[in-house]
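# Architecture and fold: a report
Here is what each chain is made of, one letter per residue.
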Amino acid sequence: MTMNSCCYMCDLPGTTVEHVPPRSIFPESKDVGGQDYRKNLITVLSCPAHNNQKSHDDEFLMVSLAGIIGNNSIGYQHKFTKVDRAIRRSANTLLNKAVTKKQKVTKIRLDNNRFIDVISGTPDVTRLLQCFDRIVRGLHQHHFSQQLKGEVQVLLGYLFYSDPSSKNFTQFVADKVVLELDGKPRFGENQEVFYYQITDPDQYNLFLFRLCFYGGLNIYAAVLPEGVKRPFDLGSELINLGVKTIITLGEKSYEIN
Ligand SMILES: [Zn+2]
């Protein structure tokens, strides 16, 4: 067995095929006026156990992502067709799983192609982070033809954090990633629905993924390959200690804690 015929998550043989990200987040053509947003979807090999585990997360992720802030009209349409059908089928348990506290949704239309949904409520962040961790590992396998052994740290760029510190930190990471990804290619054949970008590795071999769903929903993930020592980063040490910290990036500065 060559290394590339292994499951992307473990060392068992990859006997099944898994879509990364899940196929359910790509609209079916019947729901989007015949348009094909499922061209050459990315797949990786997976063992049956990991594939089965992941399939439970697919609908959860679909409901969590479609129809929220920053989405383009495709994400929005997806929400009102396939996603709502799935929610109705599950008698709302899907939605209740995706957003753990009572939610209120306000829709604002900005222009022909952009909508804002402000969802107040607390999403199931732990489960979302697990889903994105898997997606990043899948994309790594696909991109580098190599299993990712090491740590992944996911930041949900689209969440509204109510405390200013988390908000500033998210903004800082987002701005930093934008700078580092300037001019870098976007991968994926259905970019209105999904694409990803990767930064160059820094001096510690640490690099970042940006995943972009529905034209504006960003997830950032830092990848720390196995065997690489975690860099001592004064900024994050201070943040972890709760010390008020100001990080500057270019002309902007971000106050954290
Ligand atoms: Zn496996």
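Residues numbered from 1 in each chain as written. Predicted model: local features only at pLDDT ≥ 70, side-chain atom pairs only at ≥ 80, totals over all residues. Heavy atoms only, no water.

### Regarding the overall build of the protein chain
Spelled out, the test is: Only DSSP runs of H or I covering at least 4 residues are called helices, and only runs of E covering at least 2 are called strands; the numbering of each starts at the N terminus. Here the term buried applies to any residue with accessible area under 20% of the maximum for its type, exposed to any over 50%, and partly exposed to those in between, with areas from a 1.4 Å probe on protein chains only. Whether two residues are in contact is decided by their heavy atoms, any of which lying within 4.5 Å being enough.
When you go through the protein chain residue by residue, the secondary structure sums to six helices and 10 strands. Sorting the 257 residues of the protein chain into buried and exposed places 45% on the buried side. The long-range share in the protein chain, meaning contacts at least 24 apart out of those at least 6 apart in sequence, stands at 61%.

### A look at the coordination of the zinc ion
As a reminder of what qualifies: Any nitrogen, oxygen or sulfur atom within 2.8 Å of a metal ion counts as a donor, with the limit raised to 3.2 Å for Na, K and Ca, and since water is left out, coordination shells can look unfinished.
Bound to the zinc ion are the protein donor atoms Cys7 (SG), Cys10 (SG), Cys47 (SG) and His50 (ND1), situated 2.1 to 2.4 Å from the metal. Every donor residue of the zinc ion comes from the same chain, spaced as C-x2-C-x36-C-x2-H.

### Some points on the sheet that holds strand 5 (residues 150-156)
Spelled out, the test is: Here a strand pair is declared whenever DSSP counts at least two bridges between the two strands. To define axes, lines are fitted to C-alpha atoms, for helices over the stretch in contact only, and angles between the resulting N-to-C directions are given on a 0 to 180 degree scale.
Strands sit in the order 5-8-7-6 across an open sheet of four strands; the sheet is antiparallel. Each edge of the sheet is formed by a strand with only one pairing partner; in this case those strands are strand 5 and strand 6 (194-198). On average, adjacent strands in this sheet sit at an angle of 20° to one another, irrespective of strand direction. Strand contacts of helix 4 (residues 125-144): strand 5, strand 6, strand 7 (207-213) and strand 8 (217-225), with the helix running at about 125° to strand 5, the strand carrying the most contacts.

### Focus on the pairing of strand 6
Within strand 6, five of the five residues are buried, which leaves it mostly tucked inside the rest of the structure. Here strand 6 shows no split at all, with Phe194, Tyr196 and Ile198 on one side and Tyr195 and Gln197 on the other all buried. As paired elements, strand 6 and strand 7 share five bridges and run antiparallel to each other. Paired with Tyr195 across the strands is Cys212, a residue of strand 7.

### Considering helix 4
Keep this limit in mind: In a helix, the anticipated span is given by 1.5 Å times the number of residues less one.
Along its 20 residues, helix 4 runs 28 Å from first to last C-alpha, staying within 8% of the 28 Å computed at 1.5 Å per residue. Just downstream of helix 4 lies Ser145, where phi reads positive at about 50°.

### Brief notes about the nonpolar core
Selection rule: Working definition of a nonpolar core: buried Ala, Val, Leu, Ile, Met, Phe, Trp, Tyr and Cys residues. They are joined through side-chain atoms within 4.5 Å. Domain limits in this description derive from either an automatic procedure or a database domain assignment.
Among the nonpolar cores identified, the biggest contains 42 residues, and Phe132, Leu139, Phe209, Leu211 and Phe213 are the most heavily contacted of them. For this core, the secondary-structure elements that each account for two or more residues are helix 1 (48-65), helix 2 (73-89), helix 4, strand 5, strand 6, strand 7 and strand 8. The element best represented in this core is helix 4, accounting for six residues. Taken together, domain 1 (3-120) and domain 2 (158-256) each give at least three residues to this core, which thus spans both.

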